Amino acid sequence: MLKKDIRYKYSKLRSSLSQSQITDNSIAIANSALSLPIWNYHYFHIFLSIKNKLEIDTEGLISILLGYDKHVVVPKIVSNNQLEHYLLTDSTKFSYNSLHIPEPVDGITIDPLKLEVVFIPLLAFDIKGNRIGYGKGYYDRFLKECRRDVVKIGLSFFEAEKEPFDDVLPTDIPLDYCITPNKTYSFNVL
């Protein structure tokens, strides 16, 4: 299947979820993260959910990270479709950008090379760990700025596509793990 067809399929599937399914599945995903071998790391990057796109609610996972005294870093879209990264603190103020994504207004910026774990939004992923987002390439560009051994974790309401995607590009960066409400997938992890 081609990316455009996958995007259509999973956008439609996601739109069929009720708010209670989104909440329950988001909690299950957050709890499953506790079983991953990531808790010795200190700097965790996580996306903030776009509510009108019915994304996984990351508030529970953020609460878990903060409860474990981790440094939580959140993104902000800046010029040239790049991301900046801000440390989440008690005084972080947020506003919504033109894409309805909550973003930090300002704060302490964090160099991507400092990040050890990145939780990645996606619409779908395949059995090889290839992911499909909304097609803007924000995360592929961002992940290239990170250290080579950064742990890349996708979060998905749905299970992996059993066939690899047909149009994976050399610039697409695969996941190390993907957490769904029912299963945690591991890809190429040493």
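Details of the structure are given in the entry above.
First things first, this report covers the structure right here in the doc.

**A closer look at helix α4 (residues 138-145)**
In step 1: Regarding α4, the residues found buried are Tyr 138, Tyr 139, Asp 140, Phe 142 and Leu 143.
In step 2: Residues of α4 that are buried in the fold lie against β1 (43-45), β2 (71-78), β3 (82-87), β6 (117-120), β8 (131-132) and β9 (151-155).

**Regarding the packing of helix α2 (residues 19-33) against helix α3 (residues 59-67)**
In step 1: Closest axis-to-axis distance for the α2/α3 pair is 8 Å, and the angle between their directions is 30°. The angle between α2 and α3 falls in the class roughly parallel. The way α2 lies across α3 gives a crossing that is right-handed. Every residue of α3 that contacts α2 at Ala 30, Asn 31 and Ala 33 is listed here: Gly 60, Leu 61 and Ile 64.
In step 2: Looking at the contact of α2 with α3 residue by residue, the class counts come to four nonpolar, two polar and no charged.

**Concerning the pairing of β3**
In step 1: Across six bridges, β2 lies against β3 in antiparallel orientation. Bridging across to β3, Val 74 finds its partner in Tyr 86.
In step 2: Hairpin geometry of β2 and β3 is characterised by an intervening segment of three residues between the two adjacent antiparallel strands and by a positive phi of about 60° at Asn 80.

**Thoughts on the side chain of Lys 70**
In step 1: By the secondary structure assignment, Lys 70 is in the loop between α3 and β2.
In step 2: Look at Lys 70: it is buried, it has no salt bridge, and the nearest opposite charge is Glu 116 at 7.6 Å.
In step 3: There is a polar contact of 2.6 Å between the side chain of Lys 70 and the backbone oxygen of Trp 39.
In step 4: Other than its neighbours up to four places away in sequence, Lys 70 contacts Trp 39, Asn 40, Tyr 41, His 42, Phe 44 and Leu 65.

**A closer look at the sheet that holds β2**
In step 1: With mixed pairing, seven strands are arranged side by side in an open sheet as β3-β2-β1-β6-β9-β10-β11. Whereas interior strands pair on both sides, the edge strands pair on one side only; in this sheet they are β3 and β11 (184-186). The sheet shows a mean angle of 25° between the axes of neighbouring strands, direction not considered.
In step 2: Alignment of strand β10 (residues 177-179) against β11, held across three bridges, turns out to be antiparallel. Each residue of the ladder has a partner; that of Ile 179, found in β11, is Thr 184.
In step 3: Strands β1, β2, β3, β6 and β9 of the sheet are contacted by α4, whose axis makes an angle of about 65° with β3.

**With respect to the nonpolar core**
In step 1: In this structure, Ile 38, Phe 119, Ile 153 and Leu 155 are the most contacted members of the largest nonpolar core, which totals 57 residues.
In step 2: If we ignore the near neighbours within four places in the chain, the residues touching Ile 38 are Ala 33, Phe 44, Val 117, Phe 119, Val 151 and Ile 153.

**With respect to the packing of aromatic side chains**
In step 1: Tallied over the full model, the rule gives nine aromatic pairs.
In step 2: Ring geometry for Tyr 10 versus Phe 158: centroids 5.6 Å apart, planes at 55°, classification tilted. A residue pair is termed long-range when its members are at least 10 positions apart, and Tyr 10 in helix α1 (residues 3-15) and Phe 158 in the loop between β9 and β10 qualify at 148 residues. Each member of the pair, Tyr 10 as well as Phe 158, carries the same accessibility label: buried.
In step 3: Seen from their ring centres, Phe 44 and Phe 119 are 6.5 Å apart, and the 20° between their planes marks the pair as stacked. Of this pair, Phe 44 sits in strand β1 while Phe 119 sits in strand β6, and the two are 75 residues apart along the sequence.
In step 4: Its relative accessible area of 0% is what places Phe 119 among the buried residues.
In step 5: Taken together, the ring pairs in this structure connect Trp 39, Phe 44, Tyr 68 and Phe 119 into an aromatic cluster.

Basis of the calculations
- Residues numbered from 1 in each chain as written.
- Predicted model: local features only at pLDDT ≥ 70, side-chain atom pairs only at ≥ 80, totals over all residues.
- Heavy atoms only, no water.
- Buried < 20%, exposed > 50% of the residue type's maximum accessible area, 1.4 Å probe, protein only.
- Helix = DSSP H or I, 4+ residues; strand = E, 2+ residues; numbered from the N terminus.
- Contact = heavy atoms within 4.5 Å.
- Axes fitted to C-alpha atoms, helices over the stretch in contact; angles between N-to-C directions.
- Parallel < 35°, antiparallel > 145°, perpendicular 65-115°, else oblique.
- Left-handed = near helix turned anticlockwise from the far one by under 90°.
- Nonpolar A, V, L, I, M, F, W, Y, C, P; charged D, E, K, R; others polar.
- Pairing = 2+ DSSP bridges.
- Lys, Arg positive; Asp, Glu negative; His and termini not counted.
- Salt bridge = Lys/Arg side-chain N within 4 Å of Asp/Glu carboxyl O.
- Polar contact = N/O pair within 3.5 Å; in protein donor to acceptor, adjacent residues only side chain to side chain.
- Core = buried A, V, L, I, M, F, W, Y, C linked by side-chain atoms within 4.5 Å.
- Phe/Tyr/Trp six-rings, centres within 6.5 Å; stacked < 30°, edge-to-face > 60°.

Function cannot be inferred from these measures alone, as they are strictly geometric.
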